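Structural overview
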Amino acid sequence: MNLVIRKEDLARAVGAVAKVVEARNTIPILSNILLDAGDGKLKVTGTDLDIEASTSVEATVNVPGRLTVNAKLLGDLAKKATGDVTMTLDTDRFIVKYGRSRFTLQTLPAEDFPSLTSGAYTAEFDIDLAALFAPVSFAISTEETRYYLNGVYFRGGDEAVAVATDGHRLAKHVGPTLPAFDGIIVPRKTVGLIPKGTVTVSVSAAKIRIASGDLVLTSKLIDGTFPDYERVIPRSNDKVVTVDRDSIMKAADRVATVSSERGRAVKMTIAPGSVRLVVNSADAGTAEDEIEAEYSGEPLDIGFNAQYVRDVFGTLPAGPVSLALADSGSPALVTGGLDGWTGVLMPMRV
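These lines cover the structure that appears in this document, whether it is placed above or below. Numbering of residues starts from 1 in each chain and follows the order in which that chain's sequence is written. Whole-chain, interface and lining totals are the exception, using all residues; otherwise, since this is a predicted model, local features are given only for residues with pLDDT of at least 70 and side-chain atom pairs are given and counted only at 80 or more. Side-chain figures throughout are based on the complete set of non-hydrogen atoms in the structure, without hydrogens or water.

Each helix is a run of H or I in the DSSP string that is no shorter than four residues. Each strand is a run of E no shorter than two, and both are numbered from the N terminus. Within the protein chain, the secondary structure is distributed over 6 helices and 26 strands. With the C-alpha coordinates aligned to their principal axes, the bounding extent of the protein chain is approximately 80 × 45 × 35 Å. Counting all 350 residues of the protein chain, 49% fall into the buried class. A contact between two residues is defined here by any heavy atoms of the two lying within 4.5 Å. In the protein chain, the proportion of contacts linking residues at least 24 apart, taken out of those at least 6 apart, comes to 65%. The Shrake-Rupley method, run with a 1.4 Å probe, gives the accessible areas here. Residue values count only the displayed protein chains as cover. Put simply, the protein chain shows about 16,900 Å² of open surface, and 47% of that area lies on carbon and sulfur atoms. Here the protein chain carries 37 positive and 44 negative side-chain charges, and the mean point of each set is 6 Å from the other. Residue exposure (1.4 Å probe, protein chains only): buried if accessible area is under 20% of the type maximum, exposed if over 50%, otherwise partly exposed. Counted charges follow a simple rule, with Lys and Arg positive, Asp and Glu negative, and His plus the chain ends left uncounted. Charged side chains are reduced to one point each, which is NZ for Lys, CZ for Arg, CG for Asp and CD for Glu.

Now the structure itself:
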């Protein structure tokens, strides 16, 4: 291999794929990225065995070739380069040069690098997937025991549907019409790597591929059964209170200050014209706050996790948001200024 590449192109390519490479690996080659030079381009690929990212950039390729090299090391060299970068593989020595700097790096054989690209896909379409997933991703569970909740449920059909839940809160976002395909669960890490804007998505029963320009992400899916989320979404909550999104978020944040405990319950006393928020802490004391509200039903007390309140309402744009309630022990339905979005908050005992 022998090629010359602009430092900006090398840094961009390595940076794009290195996001999937885990910092610590028991398998040495997974700390590496695959460099494949030929036909005037350098293709760079990284993987953690569950996700593969690859991109191509222009380069002057004098001698084609393939090798793997440490992702962090090459990325750091590219960022610090003072000009065009020359990379040469001479027998078993990989030499990187720019300006008067010269580095000899350890490599591992390209043929040992794992690949996730094999296999066929059952549906392909274009969609702004990041925009569909973003309003629900906060509700992805982090509990590894319920692995089937560690991602976003996604299905096509007359309307695209994205759902995430951790058992305490749920978010559903509906998007445009897509080709029909069975529901899949896209892992949390993959969700965080999806490029913004319209992408080309291919899905199968086991994988999802997301292409944006020269960047291609291929990810395994979570092999599990997502719960029947429609059963969780309340249909007959008739007590509707409307508040200002910023006001309730700030009030919940203020009253939660008296407690250092994560997940402290905030009690909401809902009455015509107002919502009063109270937090009691055995160690620090009590905090109360009150905000204006539109409500004409019977007074109602209900408790929620203060952090979950901020997470749910933080997903919505500024303006009026509504909580539809049945009683103090039933889930609350949250809606606001985001078309196609529905949130559910499970109550806490207070």
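This part is about the sheet that holds strand E19 (residues 239-244). Hydrogen bonds between backbone atoms are what pair the strands of a sheet, whose relative direction is either parallel or antiparallel. Paired strands, in this sense, are two strands between which DSSP finds at least two bridges. The strand order across the open sheet formed by 8 strands is E15-E12-E13-E14-E26-E25-E24-E19, and the pairing between neighbours is antiparallel. Every other strand in the sheet has two partners, leaving strand E15 (184-187) and E19 as the edge strands with one partner each. Direction aside, the axes of adjacent strands within the sheet are offset by 20 degrees on average. With 3 bridges joining them, strand E12 (residues 151-155) and strand E13 (residues 161-165) adopt antiparallel strand pairing. Looking at the pairing, Tyr153 lines up with Val163 of E13. Structural elements are reduced to axes, namely lines fitted to C-alpha atoms, with helices fitted over the stretch in contact, and the angle between N-to-C directions of any two is expressed from 0 to 180 degrees. The sheet contacts of helix H5 (residues 245-255) involve E19 and strand E24 (320-325), and relative to E19 the element is tilted by about 85 degrees. Packing against the sheet, helix H6 (residues 306-314) makes contact with strand E14 (169-174), E24, strand E25 (332-335) and strand E26 (341-345), and its axis sits at approximately 175 degrees to E26.

Pairing in this open sheet of 9 strands is antiparallel, and the strands run E10-E6-E2-E3-E4-E18-E17-E16-E11 from one edge to the other. Either end of the sheet is taken by a strand with one partner, and the two such strands are strand E10 (107-108) and strand E11 (123-127). Of the strand pairs in this sheet, strand E6 (residues 65-70) and E10 are connected by 2 bridges, and their pairing is antiparallel. Bridging from a neighbouring strand, Thr68 pairs with Leu108 of E10. On top of the sheet, helix H1 (residues 7-18) reaches strand E2 (32-38), strand E3 (41-47), strand E4 (51-58) and strand E18 (215-220); it is set at about 170 degrees to E4, its chief contact.

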